[in-house]
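Residues per chain, in single letters:
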Amino acid sequence: MDKIDRTIIEILHADSKTPLKALSAAVGLSSPSTSERLKRLEERGVIGGYTLRVDHSQLGYPLRAVVRINPMPGKLQMVQKLIVDTAEIVECDKVTGDDCFVCKLYLKSIEQLDLILDRISEHAQTNTSIVKASPVKRRLPPL
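Structural notes, computed from the coordinates.

The rules behind the values
Residues numbered from 1 in each chain as written. Predicted model: local features only at pLDDT ≥ 70, side-chain atom pairs only at ≥ 80, totals over all residues. Heavy atoms only, no water. Core = buried A, V, L, I, M, F, W, Y, C linked by side-chain atoms within 4.5 Å. Buried < 20%, exposed > 50% of the residue type's maximum accessible area, 1.4 Å probe, protein only. Helix = DSSP H or I, 4+ residues; strand = E, 2+ residues; numbered from the N terminus. Contact = heavy atoms within 4.5 Å. Salt bridge = Lys/Arg side-chain N within 4 Å of Asp/Glu carboxyl O. Polar contact = N/O pair within 3.5 Å; in protein donor to acceptor, adjacent residues only side chain to side chain. 1 Å grid on protein atoms, 1.4 Å probe; cavity = no way out; pocket = protein on both sides within 12 Å on 5 of 7 lines; lining within 4 Å. Points joined across faces, edges and corners; volume = space filled by probe spheres on them. Nonpolar A, V, L, I, M, F, W, Y, C, P; charged D, E, K, R; others polar. Pairing = 2+ DSSP bridges. Axes fitted to C-alpha atoms, helices over the stretch in contact; angles between N-to-C directions.

A closer look at the nonpolar core
When a protein is soluble and globular, its nonpolar side chains tend to lie buried together.
Argument step 1. Ranked by internal contacts, the top residues of the largest apolar core, which has 16 residues, are I69, I83, F101, C103 and L105.
Argument step 2. Contributions of two or more residues to this core are made by β1 (63-71), α4 (76-85), β3 (101-107) and α5 (110-121).
Argument step 3. With residues near it in sequence (within four places) discarded, F101 still touches V67, R68, I69, P71, L76, V79, Q80, I83, C92, D93, K94 and V95.
Argument step 4. Formed by eight residues, the second largest nonpolar core is a distinct cluster that contains L23, V27, L38 and I47.

This is the structure in structure tokens:
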């Protein structure tokens, strides 16, 4: 991956709807050359898709929480299924350390959080933090 590829990725990460003409001008290539580079980045799996950022509070989910989950012995698969089946859990990583899962939730209320945690806590220990702010938004690692 060269400097032009990295620039294409940075521009599209900031705005995935950047028109090909503007993208081409920014990297100093013709539209067909830029299009070919995009195609190669997609084929190699460097670009896996184009996303939409949504303001979840505008959809009625003003609260965000991070929940660390440590399943009880023999309950790993059951807890993982509960996580997968809980629509409010929008992201989950299986991690090393004291916990097994770290989940991000979007919530309408604290009461909704309690209902979700009640289902999970039958089979796992949980530790919950309410998100106050996000000083670092989703970003690329250094290219």
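That covers the picture; the talk isn't over yet.
With respect to the pattern of salt bridges
Argument step 1. A complete count under the given rule lists five salt bridges for this structure.
Argument step 2. Ionic pairing is found between R37 and D5, a salt bridge with its closest N-O pair at 2.8 Å. With R37 in helix α3 (residues 31-43) and D5 in helix α1 (residues 3-14), this residue pair connects regions lying 32 residues apart in the sequence. Side by side, R37 and D5 carry an identical accessibility label, which is buried.
Argument step 3. Three or more residues are tied together by salt bridges with common partners; here these are D2, D5 and R37.

A short note on the side chain of D5
Argument step 1. The class for D5 is buried, based on a relative accessible area of 6%.
Argument step 2. At 2.8 Å, the side chain of D5 and the side chain of R37 are in polar contact.
Argument step 3. Those residues in contact with D5 that sit more than four places away from it in its chain are R37, L41 and R44.

Here's the deal with the layout of surface pockets
Argument step 1. In this structure, the largest pocket spans a volume of roughly 780 Å³.
Argument step 2. Lining the largest pocket are 22 residues, with V54, H56, R64, K104 and Y106 sitting closest to its centre.
Argument step 3. For the lining of the largest pocket, the elements supplying multiple residues, two or more each, are β1, β2 (89-94) and β3.
Argument step 4. Ranked by residue count, the leading element in the lining of the largest pocket is β1, at three residues.
Argument step 5. Classifying every residue of the lining of the largest pocket gives 10 nonpolar, four polar and eight charged.
Argument step 6. Roughly 370 Å³ of internal volume is contained in the second largest pocket.
Argument step 7. Here the lining of the second largest pocket is built from residues that sort into eight nonpolar, five polar and four charged.

Re the pairing of β2
Argument step 1. Pairing of β2 with β3 involves five bridges; the strand directions are antiparallel. The partner of D93 across the bridge, within β3, is V102.
Argument step 2. In this antiparallel pair of consecutive strands, β2 and β3, the connection spans six residues, and G97 shows a positive phi of 110°.

As for the sheet that holds β1
Strands in a sheet are paired, the pairing made by backbone hydrogen bonds, and the direction either parallel or antiparallel.
Argument step 1. With antiparallel pairing, four strands are arranged side by side in an open sheet as β2-β3-β1-β4. With partners counted over all chains shown, the strands left at the sheet margins are β2 and β4 (124-130), one partner each. Neighbour to neighbour, the strand axes of the sheet diverge by 20° on average, direction disregarded.
Argument step 2. Inspection of the sheet shows β1 paired to β4 by seven bridges, in the antiparallel sense.

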